[in-house]
Amino acid sequence: MQKNAQHYIMRAIELAKLGHGHAEPNPMVGCVIVNDSGEIVSEGYHECYGEAHAEVNALKMAGEQAKGATAFVTLEPCNHQGKTPPCAVALIKAGICKVVIGSIDPHQLSTGGVKTLQDAGIKVEILDDNDCNKLLAPFTKRVTTGLPWVICKWAQTTDGSTITPEGDSPWISCKESISRVHEERGCVDGILVGANTVIQDNPTLTARGQSPPRMPIRIVLDPTLRSPVNANVFNDDATTVLVHESLQDASSYPCETIPADMTNGLIDLETILRTLADTYDVTNLIIEGGAVTITRFLDASLVDELWVFKSPNESNCRSYINMNDLIARHSAECVVERPSGVDTELRYSVNF
């Protein structure tokens, strides 16, 4: 029985997500090819940056079955010669008769696939699908604004504290939550923290676990160079970028540096984000703390998502930034809530 377009597009989205951490800075894309009986004859996704796109992988699997079939693809097929040939041309040559598209390509260089397909006599249906647009959101933001997709991540106690009483374990999260964080770290381009986090926690900020797809760069915001030169974040495990006030001498630090101008004693965060996108190809950035740094990015309207692991325990600390209040103040919408060991994992959408 023939299923509706949404069924096949949802399958294409599932496929696209398999490329998370491998496809970037390209967008994640999935493709499903369906015959006139409604049967899926092949599937494909963009498996790795610089390699074949989703449509080409699906066409290769389909072979002769692509002739007269319909392709369901999460993103408008590209129309330019980049690291790989144009996907719109590949679909035409394969004999596809119809293409159903989840989202139009926001990139001026690669868009135009719809017209190329229609000029070749291929039927095109554009869904403008909400789930496809969400999948594409980090890529869309970067190519339309020049800014990376920013996720603020933290662990907190049930009473909203990101710190524990002195003498307690520094870990608020359970082992399942920590494992989940390392998994996601291995799929993003950068992890950013402030100097206080480096001084107090001495984190390594690497992706640890079974063969992460990538090792994100580590960014430290430290205008006055308070971080110890021998801190773990400056080791050789990954690239580190130190952002500091331009009048400070950072030559003793064993890492790359970004000198920044200060306004009223503060670094312009938007300028730093643009530099990370332009110079370091950062599309997805996780800000892991501390609470002051996270608050600054939120107050500057530069955050897209919040990723929170809430422990069932209370902090009982007397003085701290209450993250529950911070979430409420920015009217963040909870879009995911699920258990993570004894913790609760929450994802929020931030709409400014």
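Just above, that's the structure.
Computed from a prediction, not measured in an experiment: that's the story for all the values here.

Peer 1: How should the pattern of salt bridges be read in this particular structure?
Peer 2: Opposite charge on two side chains allows them to pair when their charged atoms are near. With the rule as written, the count across this model stands at 16 salt bridges. A salt bridge links Glu-64 to Lys-67; the shortest N-O distance between them is 3.0 Å. Each of Arg-11, Glu-14 and Glu-43 takes part in salt bridges that share partners, so that together they form one network.

Peer 1: Can you walk me through the pairing of strand E13 (residues 284-289) in this structure?
Peer 2: On a regular strand, one side chain projects to one face of the sheet and the next to the other, so that they alternate. Within E13, six of the six residues are buried, which leaves the element mostly enclosed by the surrounding structure. The pairing of strand E6 (residues 149-156) with E13 spans four bridges and is classified as parallel. If you follow Cys-152 over to E13, its bridge partner there is Ile-287. Both strand E7 (residues 190-194) and E13 contribute to a ladder of four bridges, which runs parallel. When the bridges of E13 are listed, Leu-192 appears paired with Ile-287.

Peer 1: Looking at this structure, how should I read the nonpolar core?
Peer 2: Most often, soluble globular proteins keep nonpolar side chains buried together rather than apart. Judged by nonpolar contacts, the single largest core of 36 residues is most densely connected at Leu-276, Leu-285, Phe-297 and Leu-306. If you tally residues by element for this core, the top one is helix H8 (residues 269-280), at five residues. Contacts of Leu-285, omitting those with residues within four sequence positions, involve Trp-149, Val-150, Ile-151, Gly-190, Ile-191, Leu-192, Ile-219, Leu-273 and Leu-276. Among the nonpolar cores identified, the runner-up in size contains 24 residues, and Val-29, Leu-91, Val-99 and Ile-101 belong to it.

Peer 1: What's the story with unusual backbone geometry in this structure? I'm lost.
Peer 2: Most peptide bonds are trans, and most residues other than glycine sit at a negative phi. Residue Pro-25 is reached from Glu-24 by a cis peptide bond, and omega for that bond is 15 degrees. For Pro-25, the location among the structural elements is in the loop between helix H1 (5-17) and strand E1 (30-34). With an omega of 0 degrees, the peptide bond between Gly-289 and Gly-290 qualifies as cis. With respect to the helices, strands and loops of the structure, Gly-290 is situated in the loop between E13 and helix H9 (291-299). Its identity as a non-glycine residue notwithstanding, Asn-264 has a phi of 55 degrees, on the positive side. We note that Ser-301 has phi near 60 degrees; this positive angle belongs to a residue other than glycine. Its place among the elements puts Ser-301 in the loop between H9 and strand E14 (305-310). For Ser-301, a relative accessible area of 40% translates into the label partly exposed.

Peer 1: In this structure, what is going on with the sheet that holds strand E10 (residues 256-260)? I would like to understand it.
Peer 2: Strand pairing within a sheet occurs via backbone hydrogen bonds; the two strands may be parallel or antiparallel. Read from one edge to the other, the open sheet built from nine strands follows the order E10-E9-E8-E7-E13-E6-E14-E16-E15, with strand pairing classed as mixed. Looking at which strands have only one partner, the edges of the open sheet turn out to be E10 and strand E15 (333-340). Taking the axes of each pair of neighbouring strands and ignoring which way they run, one obtains an average angle of 20 degrees across the sheet. Along the sheet, H9 contacts E6, E7, strand E8 (217-221), E13 and E14; its crossing angle with E13, the most-contacted strand, is approximately 135 degrees.

Peer 1: Explain the sheet that holds strand E3 (residues 70-75) here, please?
Peer 2: Strand order in the open sheet formed by five strands is E2-E1-E3-E4-E5, with mixed pairing between adjacent strands. In this open sheet, the two strands that pair with only one neighbour each are strand E2 (40-45) and strand E5 (123-126). Each strand axis lies, on average, 15 degrees off the axis of its neighbour in the sheet, ignoring direction. As paired strands, E1 and E3 are joined by four bridges and run antiparallel to one another. Residue Ile-33 lies in a different strand from E3, and its bridge partner there is Ala-71.

Peer 1: Is there a simple way to think about the pairing of E15 in this case?
Peer 2: The pairing of E15 with strand E16 (residues 343-349) spans seven bridges and is antiparallel. The residue bridging Arg-338 from the neighbouring strand is Glu-345, located in E16. With antiparallel pairing between neighbouring strands as the criterion, E15 and E16 make up a hairpin whose turn holds two residues, including Gly-341 at a positive phi of roughly 60 degrees.

Peer 1: Explanation requested: the packing of H1 against helix H5 (residues 130-145) in the structure shown.
Peer 2: For any two helices packed against each other, one specifies the crossing angle of their axes together with the interaxial distance. Two numbers describe how H1 lies on H5: the axes approach to 10 Å, and their chain directions differ by 15 degrees. Put simply, H1 runs roughly parallel to H5. The interaxial crossing formed by H1 with H5 has left-handed handedness. Between H1 and H5, the residues in contact are Gln-6, Ile-9, Met-10, Ile-13, Ala-16 and Lys-17 and Asp-131, Cys-132 and Leu-135, respectively.

Rules behind the numbers
- Residues numbered from 1 in each chain as written.
- Predicted model: local features only at pLDDT ≥ 70, side-chain atom pairs only at ≥ 80, totals over all residues.
- Heavy atoms only, no water.
- Salt bridge = Lys/Arg side-chain N within 4 Å of Asp/Glu carboxyl O.
- Buried < 20%, exposed > 50% of the residue type's maximum accessible area, 1.4 Å probe, protein only.
- Helix = DSSP H or I, 4+ residues; strand = E, 2+ residues; numbered from the N terminus.
- Pairing = 2+ DSSP bridges.
- Core = buried A, V, L, I, M, F, W, Y, C linked by side-chain atoms within 4.5 Å.
- Contact = heavy atoms within 4.5 Å.
- Axes fitted to C-alpha atoms, helices over the stretch in contact; angles between N-to-C directions.
- Parallel < 35°, antiparallel > 145°, perpendicular 65-115°, else oblique.
- Left-handed = near helix turned anticlockwise from the far one by under 90°.

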